[in-house]
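Architecture and fold: a report
One-letter residues, chain by chain:
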Amino acid sequence: MNITYFLVSLGFLLFCIYMLHHALINHRNAKASNGWVTTTGKLTELHLWGKRRVDGDMVDCENLSVKYQYEVNGKAFTGKRAAFYTLHYPETVDFAKRYPQGSTIPVMYNPQNPVESVIVPGLHPLKPNSEIWLAGVGVVIMSATVLGVFIGELK
């Protein structure tokens, strides 16, 4: 048996399983965030990055990272999650216009664990299950690959 192919395939399968597990947890938390408690926070950092051609110019706007502060029951917290999904252009620009750095923002936090927070709650409105599908397809393909390598080597 060519152990190298088998181990590499098995490694990718385990990675896909890990990503599927992560996607399922993220999906559950995103759905739950619609019912989280809202407080007021302050957007302390907003960074647009990743070049994209917009109106003929190369502009940093493809991706977004944020940092914000909020308070729950007199205790200060810092958050870094804008949404449970990755914002990409034009969502990044829309977010930056709606919430400029230094602005007061609504922060939704988990009442059982206030360290978990988000600015834009819920699933992505246009592709709510995309991470699960992507990771699931990876698991199926890599399972078939591992099985194929194993069966092929038995012959």
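See above for the structure.
The paragraphs below set out a description of the structure included in this document. On a predicted model such as this, the values are computed, not experimentally measured, just so you know.

**Focus on the sheet that holds strand 2 (residues 57-72)**
Taken together, 5 strands build an open sheet; the order of strands is 3-2-1-4-5 and the sheet is antiparallel. Two strands bound the open sheet, and with one partner strand each, they are strand 3 (75-79) and strand 5 (113-118). On average, adjacent strands in this sheet sit at an angle of 40° to one another, irrespective of strand direction. Sheet analysis places strand 2 next to strand 3, joined by 5 bridges and oriented antiparallel. In the sheet register, Tyr70 faces strand 3, and the bridge partner there is Phe77. Sheet strands in contact with helix 2 (residues 91-98) are strand 1 (37-54) and strand 2, and its direction is about 50° off that of strand 2.

**Things to note about the nonpolar core**
Grouped together as the largest cluster of nonpolar side chains are 19 residues, with contacts concentrated most on Leu43, Val66, Tyr68, Phe95 and Ile119. Elements with a contribution of two residues or more to this core: strand 1, strand 2, helix 2 and strand 4 (104-110). Per-element accounting of this core gives the leading share, 5 residues, to strand 2. In contact with Val66, other than residues within four places in its own chain, are Leu43, Glu45, Leu46, Gly79, Lys80, Arg81, Ala82, Phe95 and Ile119. Grouped together as the second largest cluster of nonpolar side chains are 7 residues, Phe6, Leu13, Cys16 and Val139 included.

Cut-offs used in this document
- Residues numbered from 1 in each chain as written.
- Predicted model: local features only at pLDDT ≥ 70, side-chain atom pairs only at ≥ 80, totals over all residues.
- Heavy atoms only, no water.
- Pairing = 2+ DSSP bridges.
- Helix = DSSP H or I, 4+ residues; strand = E, 2+ residues; numbered from the N terminus.
- Axes fitted to C-alpha atoms, helices over the stretch in contact; angles between N-to-C directions.
- Contact = heavy atoms within 4.5 Å.
- Core = buried A, V, L, I, M, F, W, Y, C linked by side-chain atoms within 4.5 Å.
- Buried < 20%, exposed > 50% of the residue type's maximum accessible area, 1.4 Å probe, protein only.

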